[in-house]
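Report on the structure
What follows is the residue order along each chain.
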Amino acid sequence: MAYSFVVRDEGSSVYAAVAGVLLNRQDWKSVHKDSRRFNVMFGERNRLPYARLGHEPGVTQLVNYYRGSGCLCRKTSLVHVLKGYCQRHDIDPFQWIPPSYEVSPNNFDSSTEDVSSLKAMIQRKRQQKEDEREKFLETYHQMSENNLGDVWIAKSAAGAKGEGIMISNSPKELIDFIDNQKQSHVLQKYIENPLLLEGDRKFDIRCWVLVDHEYNIYLYKEGVLRTASDPYNPANHKDVTGHLTNHCLQEALSPNFGKFEDGNEMFFDQFNRYLQDTYQTTLEDHILPQIKDIIKGSLLAIQDQISTEYLPYHSFQLFGFDFMVDDKFKVWLIEVNGSPASAQKLLPALSEAIITMAIDPLFPPLEDNKDDDEETQFEKLN
């Protein structure tokens, strides 16, 4: 018996690698992207035909995204979701994310919006209703007066690669910046005391997280630090390559890109050695337990609204969770990516592990394709 898959997204390196592994198996074949009879769809995140999935007689269908998971992947809705979940469970959301507030432009020009789009109108109404600039100003002054720092960062709702960002200690400058944009932003307390690497450089941590069709949450055991090329200078908020660890910015703007780590990537084993040599601690001692708690809580926060338990098809999804660590080893969730790329070094093993955990349970492999000695690289969190 042969299983089949369709590829509707040519842009995902991870799912392209997964499809390549399946093709090398005797029991899988690729079918045309418009075929209705398939077992697995590797689709485009924002253009998936969810309504027609699961209706082919006798065919179990699995798709590589959860419908609605984008609410964790847009910066404003991430804040909204986590605040709501934490409030219902009597948890302080600002133990997971730095103090964060949704702010919409005051001078929004309705002529730039497609008024025929009901979705856009509803979103705009929600943004206007939930504008939190007054709460931001109140928190800003409280924290400043209590010597808890006065630097904040404005991040656009759907910005990527460092776009739509401003770092400042002036609340007026931050709000004026947002008021001259065309979309909502998050105003978030900037982590002024980050844990630094050799050369006084910042970093963030990318963790890969898999949610299978039964909503089991798995953390990939290997992760990567995306590192800055230049020293962190808290007095200079315009120093992009000292403040923002985005690879595209670092490679484009810093002559020191790749000087400390190949491709500005440090993997967990090297980071662990740094922690042991410099701080006499390890990832497992202080950092990973916090990461696991935040990942689990974030995904449980949206389980009820995205689960496919009662739908005619199944979903799985790989997420990229990005964290920062301060100099007291407190972990902070910065953002979530719903279609993450993989460090090239990890891609082959990650692809195999995704198949093992997310695809094989629904579509058992032939005996010839089984590897009984294979140790999973995913750790179950729930």
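Residues numbered from 1 in each chain as written. Predicted model: local features only at pLDDT ≥ 70, side-chain atom pairs only at ≥ 80, totals over all residues. Heavy atoms only, no water.

**Things to note about the overall build of the chain**
How we decide: Secondary structure follows DSSP: runs of H or I at least 4 residues long count as helices, runs of E at least 2 residues long count as strands, and numbering of each begins at the N terminus. In this treatment the radius of gyration is a C-alpha quantity, and the globule benchmark scales as 2.2 Å times the residue count to the 0.38 power. Throughout, exposure labels follow a simple rule: accessible area from a 1.4 Å probe, protein chains only, divided by the maximum for the residue type, with under 20% read as buried, over 50% as exposed, and the rest as partly exposed. Note on contacts: a residue pair qualifies if any of its non-hydrogen atoms lie within 4.5 Å across the two residues. Each accessible area value is a Shrake-Rupley result obtained with a 1.4 Å probe; residue values ignore everything except the protein chains displayed when judging cover.
Of regular secondary structure, the chain possesses 11 helices and 16 strands. Here the C-alpha atoms of the chain give a radius of gyration of 22 Å, agreeing with the 21 Å that 2.2 N^0.38 yields for 382 residues. When each of the 382 residues of the chain is scored for burial, the buried share is 54%. A separation threshold of at least 6 residues defines the contact pool for the chain, and within that pool the share at least 24 residues apart is 68%. Counting only carbon and sulfur atoms, one obtains 47% of the accessible surface of the chain, whose full area is about 18,300 Å².

**Side note on the sheet that holds strand β3 (residues 40-42)**
Our working rule: Strands pair, by our definition, only if DSSP identifies at least two bridges between them.
Pairing within the open sheet is parallel, and its 5 strands lie in the order β2-β1-β3-β4-β13. Only two strands of the sheet have a single neighbouring strand rather than two, namely β2 (28-30) and β13 (314-315).

**Remarks on helix α1 (residues 13-23)**
What counts is decided by this rule: Each C-beta atom gives one direction from the helix axis, and the arc is the one those directions make.
Three or more residues of α1 are buried, namely Val14, Tyr15, Val18, Ala19, Val21 and Leu22. For α1, the arc enclosing every buried residue in end-on projection is 160°, short of the 170-degree limit, so these residues lie on one face. Residues of α1 that are buried make contact with β1 (3-7), β2, β3, β14 (317-325) and α11 (347-359).

**Details of the nonpolar core**
What counts is decided by this rule: Residues belong to a common nonpolar core when they are buried Ala, Val, Leu, Ile, Met, Phe, Trp, Tyr or Cys residues joined through side-chain atoms within 4.5 Å.
Counting residues in hydrophobic clusters, the biggest one holds 62 residues, and the most contacted among them are Ile205, Phe271, Ile287, Ile295, Leu299 and Phe323. Counting residues per element, this core draws most heavily on helix α9 (residues 283-300), which supplies 7 residues.

**Re the packing of helix α4 (residues 133-145) against helix α5 (residues 171-179)**
Describing two packed helices takes the angle between their axes plus the distance from one axis to the other. Just so we agree on the cut-off: In this analysis an axis means a line fitted to C-alpha atoms, helices contributing only their contacting stretch, and an angle means the value between N-to-C directions, from 0 to 180 degrees. Every angle not falling under 35 degrees, over 145, or within 65 to 115 is termed oblique; those three ranges are roughly parallel, roughly antiparallel and roughly perpendicular. The handedness criterion is simple: a crossing whose near helix is rotated anticlockwise from the far helix by less than a right angle is left-handed, and one whose near helix is rotated clockwise is right-handed. Three residue categories are used. Nonpolar comprises Ala, Val, Leu, Ile, Met, Phe, Trp, Tyr, Cys and Pro, charged comprises Asp, Glu, Lys and Arg, and polar comprises the others, including Gly.
At a minimum axis distance of 11 Å, the contact between α4 and α5 shows a crossing angle of 160°. Of the possible angle classes, the one that applies to α4 and α5 is roughly antiparallel. Of the two elements, α4 crosses α5, and the hand of that crossing is right-handed. Note on element contacts: α5 touches α4 through Pro171, Leu174, Ile175 and Asp179, opposite Arg133, Phe136, Leu137 and Tyr140. Of the residues in the contact of α4 with α5, the class split is 6 nonpolar, no polar and 2 charged.

**A short note on α9**
Along an α-helix, a turn takes 3.6 residues, which lines up residues three or four apart on a common side. Put simply, the test is: Expected span, for any helix, means 1.5 Å times one less than how many residues it has.
Across its 18 residues, α9 extends 24 Å between first and last C-alpha, which sits within 8% of the 26 Å expected from 1.5 Å per residue. For α9, the complete set of buried residues consists of Leu283, Ile287, Leu288, Gln290, Ile291, Lys292, Ile294, Ile295, Gly297, Ser298 and Leu299.

**Quick notes on the pairing of strand β8 (residues 185-189)**
Extensive coverage of β8 is indicated by the burial of 5 of its 5 residues. Note that strand β6 (residues 152-156) and β8 share 5 bridges and pair antiparallel. Bridging across to β8, Ala154 finds its partner in Leu187.

**Digging into the sheet that holds β6**
Judged by pairing direction, the sheet is antiparallel, and its 4 strands sit side by side in the order β5-β8-β6-β7 without closing on themselves. The open sheet terminates on both sides in strands that have one partner only, identified here as β5 (100-103) and β7 (165-168). Neighbouring strand axes in the sheet, compared pairwise and without regard to direction, differ in orientation by 20° on average. Seen against the sheet, helix α2 (residues 75-88) touches β5, β6 and β8 and runs at an angle of roughly 125° to β5.

**Remarks on the state of the cysteines**
Filter applied, for reference: Throughout, a disulfide means two cysteine sulfur atoms within 2.5 Å of one another.
In the structure shown here, the tally under the stated rule is 0 disulfides. The closest cysteine sulfur to the non-disulfide-bonded Cys71 is located on Cys73, 7.6 Å from its own sulfur. Residue Cys73 is classed as buried on the basis of its relative accessible area of 19%.

**Observations concerning the packing of aromatic side chains**
The geometry of an aromatic ring pair is captured by the separation of the ring centres together with the interplanar angle, meaning the angle of the planes. Rules: Working definition: a ring pair exists when centres of Phe, Tyr or Trp rings (six-membered ring for Trp) sit within 6.5 Å. Plane angles under 30 degrees give stacked, over 60 give edge-to-face, the rest tilted.
Taken as a whole and judged by the stated rule, the model has 22 aromatic pairs. The interplanar angle of 85° and the centroid separation of 5.7 Å between the aromatic rings of Trp28 and Phe363 together place this pair among those described as edge-to-face. Here Trp28, found in strand β2, pairs with Phe363, found in the loop between α11 and β16 (378-380); they are 335 residues apart in sequence, far enough to count as distant. In this structure, Trp28 and Phe363 share a single accessibility class: buried. Ring centres of Phe136 and Trp152 lie 5.0 Å apart, and the angle between their planes is 80°; this geometry places the pair in the edge-to-face category. A residue pair is termed long-range when its members are at least 10 positions apart, and Phe136 in helix α4 and Trp152 in strand β6 qualify at 16 residues. By relative accessible area, Phe136 is classed as buried at 0%.

**Considerations on unusual backbone geometry**
Positive phi outside glycine occurs at Asp90, with the angle close to 55°. Phi is positive for Asn264, close to 55°, though the residue is something other than glycine. Its location among the elements puts Asn264 in the loop between α7 (247-253) and β12 (265-267). Look at Asn264 and you get buried, because its relative accessible area is 2%.

Purely geometric stuff here, so don't read any function into it on its own.
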